[in-house]
Amino acid sequence: TSGVLDALRVSREGYPDRMIFETFSSQYIAVPGLKTAAELAPKPPKERVDTLLERLEVPKEKFRSGKTRVFFAAGVLDGLRAKRTAMQAKIATEIQRVGRGLVARAKARELRKIREAALQAMVAATPGEDIEALRTAIKGAKDAGLPNYPAG
């Protein structure tokens, strides 16, 4: 019964949102940018939560730590969720940027190989008297996107 009364008292004091230490730390320990997962894992749950809240820059008057739960002033938990989502979105964007760059560079390498092969075929056909081979090499070079002037 005293646990219920304590919860009511804390709620009346202006801390309506609450979360179990383990739940809070599991949701926020991996927030990108905090770099705390390995450092905080061995700590007791209460210390872990207090450190996370400090690194998330939550003022001490906006939360209270109980025996098994952390209590938040109105709106604080929603703000933390928004901050976590924004940090995750930033990391997701960075992952997409790197992935798109890898794909673009791979396509560029492949295109360079094709153009180089077309250029070599055109250069190889140039000194000979075979007009048809030269026309085929020039068409292949144009299809590969080579300019109309020779290199060098």
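What counts and how
Residues numbered from 1 in each chain as written. Predicted model: local features only at pLDDT ≥ 70, side-chain atom pairs only at ≥ 80, totals over all residues. Heavy atoms only, no water. Helix = DSSP H or I, 4+ residues; strand = E, 2+ residues; numbered from the N terminus. Buried < 20%, exposed > 50% of the residue type's maximum accessible area, 1.4 Å probe, protein only. Contact = heavy atoms within 4.5 Å. Areas by Shrake-Rupley, 256 points an atom, 1.4 Å probe, with all protein chains shown as cover. Axes fitted to C-alpha atoms, helices over the stretch in contact; angles between N-to-C directions. Parallel < 35°, antiparallel > 145°, perpendicular 65-115°, else oblique. Left-handed = near helix turned anticlockwise from the far one by under 90°. Nonpolar A, V, L, I, M, F, W, Y, C, P; charged D, E, K, R; others polar.

Side note on the overall build of the chain
For step 1, the next point in the chain: Across its full length, the chain carries six helices and three strands.
For step 2, the next point in the chain: In the chain, the succession of helices and strands from N to C terminus is α-β-α-α-α-β-β-α-α.
For step 3, the next point in the chain: When the 152 residues of the chain are sorted by exposure, 25% land in the buried category.
For step 4, the next point in the chain: Intrachain contacts of the chain at a sequence separation of at least 6 include 57% that bridge at least 24 residues.
For step 5, the next point in the chain: Surface summary for the chain: the accessible area is close to 10600 Å², and the carbon and sulfur share equals 58%.

Observations regarding the packing of helix H5 (residues 76–125) against helix H6 (residues 131–143)
For step 1, the next point in the chain: Between H5 and H6, the least distance of the axes is 8 Å, while the angle of their chain directions is 160°. As judged from the angle between their axes, H5 and H6 are roughly antiparallel. The two elements H5 and H6 meet at a crossing, and its hand is left-handed. Where H5 abuts H6, its residues Ala118, Ala121, Met122 and Ala125 lie against Ala133, Leu134, Ala137, Ile138, Gly140 and Ala141.
For step 2, the next point in the chain: Looking at the contact of H5 with H6 residue by residue, the class counts come to nine nonpolar, one polar and no charged.

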